[in-house]
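Structural features, examined
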Amino acid sequence: MTDKYTPLEKYLRDLPVSQENITLSFDAIEQVLNDRLPSSAHDNHTWWGNQKQGTQVESIAWMDAGWMVDTVDLREKWVRFVRQ
């Protein structure tokens, strides 16, 4: 995994165990990352796919933290994660 997405992994990992889901705006994720999301995150649902292996290093961050993407709204620019 690239270090770029480590802050997102830590953020999700540090949420209370009792929290079963969280909805974050793309802006909020960029604040956590202290970096911009790539344009593909804004334009393509597949960027938000849940993969433990492969070329989508961003998904390893949330999956390793114990979360999965449940819903993505590219028009409203938000994503909901659910605890695995």
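Our subject in this report is the structure included herewith. (Residues numbered from 1 in each chain as written. Predicted model: local features only at pLDDT ≥ 70, side-chain atom pairs only at ≥ 80, totals over all residues. Heavy atoms only, no water.)

Considerations on the overall build of the protein chain
Helix and strand counts for the protein chain stand at 4 helices and 3 strands. Secondary structure elements in the protein chain, listed N-terminal to C-terminal, are α-β-α-α-α-β-β. Compactness check: the protein chain gives a C-alpha radius of gyration of 12 Å against a globular reference of 12 Å for 84 residues, within 12% of the reference. Along the three orthogonal principal directions, the C-alpha set of the protein chain runs to about 30 × 25 × 20 Å. Residue pairs at least 24 apart in sequence account for 51% of intrachain contacts in the protein chain once pairs closer than 6 positions are excluded. Carbon and sulfur atoms make up 48% of the accessible area of the protein chain, which totals about 4,900 Å². Averaging the coordinates of the 9 positive side-chain charges in the protein chain and doing the same for the 13 negative ones gives two points 2 Å apart. (Helix = DSSP H or I, 4+ residues; strand = E, 2+ residues; numbered from the N terminus. Rg over C-alpha atoms; globule rule 2.2 N^0.38 Å. Contact = heavy atoms within 4.5 Å. Areas by Shrake-Rupley, 256 points an atom, 1.4 Å probe, with all protein chains shown as cover. Lys, Arg positive; Asp, Glu negative; His and termini not counted. Charge placed at Lys NZ, Arg CZ, Asp CG, Glu CD.)

Things to note about the side chain of E58
Secondary-structure assignment places E58 in helix 4 (residues 57–64). This buried residue, E58, is left without a salt bridge; K4 holds the nearest opposite charge, at 8.6 Å. The residues touching E58, leaving out its near neighbours within four places in the chain, are Y5 and W47. (Buried < 20%, exposed > 50% of the residue type's maximum accessible area, 1.4 Å probe, protein only. Salt bridge = Lys/Arg side-chain N within 4 Å of Asp/Glu carboxyl O.)

A word on the sheet that holds strand 2 (residues 67–73)
With respect to topology, 3 strands assemble into an open sheet ordered 1-3-2, the strand pairing being antiparallel. Strands at the two margins of the open sheet, each flanked by one partner only, are strand 1 (21–25) and strand 2. Averaged over all pairs of adjacent strands, the angle between strand axes in this sheet comes to 25°, irrespective of strand direction. Two strands pair when backbone bridges link them, and strand 1 and strand 3 (residues 78–83) are joined in this way by 5 bridges, in the antiparallel orientation. Within strand 3, the position partnered with L24 by the bridge is V79. Of the strands in this sheet, strand 1, strand 2 and strand 3 touch helix 2 (residues 26–33), which is tilted by about 90° from strand 1. (Pairing = 2+ DSSP bridges. Axes fitted to C-alpha atoms, helices over the stretch in contact; angles between N-to-C directions.)

Focus on unusual backbone geometry
With phi around 55°, N34 is a residue other than glycine that occupies positive phi space. Residue classification places N34 among the exposed residues on the basis of a relative accessible area of 71%. Although it is not a glycine, K77 adopts a positive phi angle of roughly 65°.

Observations concerning the pattern of salt bridges
Enumeration over the complete set of coordinates arrives at 6 salt bridges. For K10, the salt bridge goes to D14, with nearest N and O atoms at 2.6 Å. The exposure class assigned to K10 is exposed, which follows from its relative accessible area of 51%. Between E30 and R36 there is a salt bridge whose closest N-O contact spans 3.3 Å.

Digging into helix 1 (residues 6–13)
Within the span of helix 1, buried status applies to L8, E9 and L12. Down the axis, helix 1 shows its buried residues gathered within 100° of arc, on one side only. On the buried face of helix 1, the contacting elements are strand 1, helix 2, helix 4, strand 2 and strand 3. (Arc of directions from axis to C-beta.)

By themselves, these are just geometric observations and shouldn't be taken as functional.
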